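Close look at the chain arrangement
Here are the chains, one letter per residue:
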Amino acid sequence: MTEIAFDKYATKGGYHWVEYFGPLHRINAATRARYDGIVAALRANGIGKSSRVLDVGCGDAALTGLIATEFGAQVEGIDTTPLSIDLAKSEFAKRSLKGEFRLIDGYKYPYPADSFDAVVCSDVIEHVAMPDLMLREMWRVLKPSGVLVVTTPARYTEAPLDPMHVQEWFAGDFKKFCEAALGTRVDLRVSHPIAVAELYALPTMLGRVVRLSVNLLAKLGTNAFSRPAGFRAFSAQMVVAVKHAGRPS
């Protein structure tokens, strides 16, 4: 399987910041739901001001910034492209946020084992050729009792809809894949109903009305992408795993 260079930042800049923090007509409720789900998982597992959190594949660091803002935690981000690191540093500087960002090459991270209270990876694992190695390296740098949160699109078409994705998994398959790679049980959560996602993406007047309506609700605290009740098929998934004390890295 061949990885394809992620080039959206070259043309769109730090667009994830706009998708989460921007005005009503420019936010992306799907992105907001994904980030909010990660924040909720961190909060449920005791992440706070004294915590050290690593964002793997941080990109423009919008998620890293949200975590820093929500928890006041010590945040660090790593990525494989210089542009991503430059954007991350620039966006943090604009907002007077504190964080450390490093350029990495491959699947080895420049940290000793048991370094972080939490490791997050938001819609990155589907872009890599060796996701099992990626999972194990994130697990290695996670402290005992720390929490790993990984999100990825749920597979629901024969081939990935995004040409930059190396692979996608059905929800049950992703859970099994993560458990095999990590050697522990994981909690799988699904979100982003396909019906909502399809309507939200329509390039028509109906799609525009749906987007503005969903965005408004998201701004008011009720995100349609976060609410699986009443739906049967979903386009996003999140794995949460706690590294129990005594379990090998």
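Scroll up for the structure.
So, a few notes on the structure that sits alongside this text. (Residues numbered from 1 in each chain as written. Predicted model: local features only at pLDDT ≥ 70, side-chain atom pairs only at ≥ 80, totals over all residues. Heavy atoms only, no water.)

Oppositely charged side chains can pair when the atoms bearing their charge come close. Taken as a whole and assessed by the stated rule, the structure comprises 12 salt bridges. We note a salt bridge from Lys108 to Glu137, for which the minimum N-O separation is 3.9 Å. In this pair, Lys108 sits in the loop between β3 (100-103) and β4 (116-122) while Glu137 sits in helix α6 (residues 131-140), placing the two residues 29 residues apart along the sequence. The exposure class assigned to Glu137 is buried, which follows from its relative accessible area of 5%. Among the charged side chains, a salt-bridge network with shared partners connects Glu91, Lys94 and Arg95. (Salt bridge = Lys/Arg side-chain N within 4 Å of Asp/Glu carboxyl O. Helix = DSSP H or I, 4+ residues; strand = E, 2+ residues; numbered from the N terminus. Buried < 20%, exposed > 50% of the residue type's maximum accessible area, 1.4 Å probe, protein only.)

This part is about helix α5 (residues 82-94). If you check α5, its first and last C-alpha atoms are 18 Å apart, about what 13 residues at 1.5 Å a residue would give, namely 18 Å. Every buried residue of α5 is accounted for by Ser84, Ile85, Leu87, Ala88, Glu91 and Phe92. Buried residues along α5 cover an arc of 160° about the axis, so they all sit on one side. Facing away from the buried surface of α5 by more than 90 degrees, the exposed residues are Asp86, Ala93 and Lys94. At its buried positions, α5 is contacted by α1 (8-12), α2 (15-21), α4 (62-71), β2 (74-79) and β3. Phi turns positive, to about 55°, at Ser96, one or two residues after α5. (Expected span 1.5 Å × (residues − 1). Arc of directions from axis to C-beta. Contact = heavy atoms within 4.5 Å.)

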